[in-house]
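A closer look at the structure
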Amino acid sequence: MSSSYELRTSGASYDRLLSDDGFAAFAGIEPHADDAVERQAPRAGDAHIVFRGLYKHYHTARGSVEALKGIDLEIGRAEIFGIIGRSGAGKSSLIRTINRLERVSGGSVEIDGQDVQRLSGNELVRLRRRTGMIFQHFNLLRSKSVFENLALPARAAGLPRAEIRRRVERLLALVGLEGKADVFPSRLSGGQKQRVGIARALMLDPKVLLCDEATSALDPETTQTILALLREINRRLGLTIVLITHEMAVIREVCDRVAVLEHGELVESGPVWQVFGAPRHDATKAMLAPLAVRLPEDLAARLRGAPQEGHDTLVLKLDYGGVEGRQEGVGLGRILAALGDRAMLLHGGIDRLQGHAQGSLLVGIKGGDARAALEQAALIDARIEVVGYV
Amino acid sequence: MSDVMIQALWGAFLDTLTMVSVSALIAWCAGIPLAVLLVTTARGGIFAAPWIHRPLAWVINGFRATPFIILLVALIPLTRLIVGTSIGVWAAIVPISISATPFFARVVEVSLREVDPGVIEAAQAMGLKPFAIISRVMFPEALPGIIGGFTITLVAMIGASAMAGAIGAGGLGDLAIRYGYQRYDTTVMIAVIAILIAVVCIIQFIGDRSVAYLRSR
């Protein structure tokens, strides 16, 4: 696991997080002592939510549609797990099977070893109270103030008035909406509405937070602040967060692990640095394309398949990332040693994802020959691709 | 206008007020549960049950299709059973409320249906039980539409109460027919119409104001 993940899950640093800026007071809303213990030491790899051979069919006028085809997946306790897919990939159905807003057609979903499908009516209510959910369009009640929106789940669960007031105050402080208790949702911005949604989802002190395209209706800047809030909640409360999205940038920003869904099938999953550093499936590559390094337009216009007069600079693409052991940076010495001092950096960059260096570099070699260059380039610890000549 | 006439107008006004307000109370109390039943038992509703929904929808449509003047006469045996007589203010309340209830139920149904399904899903996701979803989420969210619909129902009921006057129910309608129509007493007729316009305007004003207040939040 990456170092940032360890920081988040180790008991000692969690205690530190608990003690700073008055969070201990917030933890005071925790009614079950045993949960507090569980939260202080969330173990990596400890499965919280498990999908086994999950199938989902829909019956439509034009026959049966298979939305999910045999999903096997484990989501660890206290991790932020992203499920990405294009629209219609089945991600929305998948996340809704966790709190049984969708029934499954085959297979099972288990939370803490409990089969969600077999729960009785009352058990289902208890499960849903332990599982918060936020939505793309926030789904706040227009007819109720922020306070009343937050109080709703707690009233329905029969919490005493004083306790509800206490929780609302603490949660509004947590999401940064102090003083907005009496405002109606129509007076709030999109980001503020989602903050209310998050606070409402946390009212009954859940163990799991489901995020259904929670940032898809927000502008990029607001998306960043909401994602930062989700990360903070995950760290402070040790909550397992499952989020679905069609934006790779969201996964990159906040998730520990990611699963890629395509046509109802799970085509790829793993730690974010691995999937981003070395995507295997075409669907993943297609979704990563907007974030990928591409040949700039001026060079692309001059690109030739073979060296020609005026097009004698060989372009290589060096892909770093996705492999174990690249906790350090990219060694420039190796590039120089392999390609000599005629090598020049044309475009690209390296950044760090969960403690792993990753990225792509486009390197030009004046008068370079593809075959010779490839042989020499074997020294470089990257995946190498000949782009052409410019 | 003579003092006697003013006395008669005042009495008729009170009769109309009684008929409309008692019928309105009945329509509110019966219409909302009917609407909830219609919405929740419909396909995709939270208690989906077509075997309840379909007959209920038929009965409601049946009452709404029947012209009020015919309902007025057809319901006489039922009115006698309930009130003990088929004439007077209290006898008129039975057909007025029976005709207004299905109308109001449909209006409320439309408002309830327009509640954002996402909000209902959110309520389910937070562990609300079906009755809590109806009372704590659907009803408050639909309230502006329900109030607007209730205003329309009230105005329709005033019209119905005037018609009930034709079979001896009393009230402003009765007065207008007996004095204004049968005795060619235009003054009484105009007075009655003026009072009715005023009443309708006041109801509409209060209704619009309430809806505007609820929606402005």
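Our structure's up above, just so we're on the same page.
Scoring rules and cut-offs
- Residues numbered from 1 in each chain as written.
- Chains lettered and ligands numbered in written order.
- Predicted model: local features only at pLDDT ≥ 70, side-chain atom pairs only at ≥ 80, totals over all residues.
- Heavy atoms only, no water.
- Phe/Tyr/Trp six-rings, centres within 6.5 Å; stacked < 30°, edge-to-face > 60°.
- Helix = DSSP H or I, 4+ residues; strand = E, 2+ residues; numbered from the N terminus.
- Buried < 20%, exposed > 50% of the residue type's maximum accessible area, 1.4 Å probe, protein only.
- Lys NZ or Arg CZ within 6 Å of the ring centre and 35° of its normal.
- Salt bridge = Lys/Arg side-chain N within 4 Å of Asp/Glu carboxyl O.

Glancing now at the packing of aromatic side chains. Tallied over the full model, the rule gives five aromatic pairs over all chains. Pairing B:Trp28 with B:Phe150 gives two aromatic rings, centres 4.9 Å apart and planes at 80 degrees, and the pair type is edge-to-face. With a gap of 122 residues between them, B:Trp28 in helix H1 (residues 3-41) and B:Phe150 in helix H7 (residues 130-164) connect regions that are remote in the sequence. The class of B:Phe150 is buried, set by a relative accessible area of 17%. Taken together, B:Trp28, B:Phe104 and B:Phe150 form an aromatic cluster joined through their ring pairs. Over the ring of A:Tyr58 we find A:Lys56; its NZ or CZ atom is 5.0 Å from the centre of that ring.

This part takes up unusual backbone geometry. If you check the backbone angles, A:Phe138 has positive phi at about 65 degrees while not being a glycine. Structurally, A:Phe138 can be placed in the loop between strand S6 (131-135) and helix H7 (146-156). The backbone phi angle of B:Tyr184 is positive, close to 55 degrees, even though this residue is not glycine. Along the chain, B:Tyr184 falls in the loop between helix H8 (172-182) and helix H9 (186-215).

Time to look at the pattern of salt bridges. Residue and element names in this part refer to chain A. Tallied over the full model, the rule gives 22 salt bridges over all chains. In this structure, Glu-232 and Arg-236 form a salt bridge, with 3.4 Å as the shortest nitrogen-oxygen distance. Of this pair, Glu-232 and Arg-236 both sit in helix H10 (residues 220-237), separated by four residues, roughly a single helical turn. Between Asp-381 and Arg-334 there is a salt bridge; the shortest N-O distance is 3.7 Å. With Asp-381 in the loop between helix H16 (370-377) and strand S14 (383-389) and Arg-334 in helix H15 (residues 332-339), the pair connects residues that are 47 residues apart, well separated along the chain.

Without other data, these values stay purely geometric and don't point to any function.
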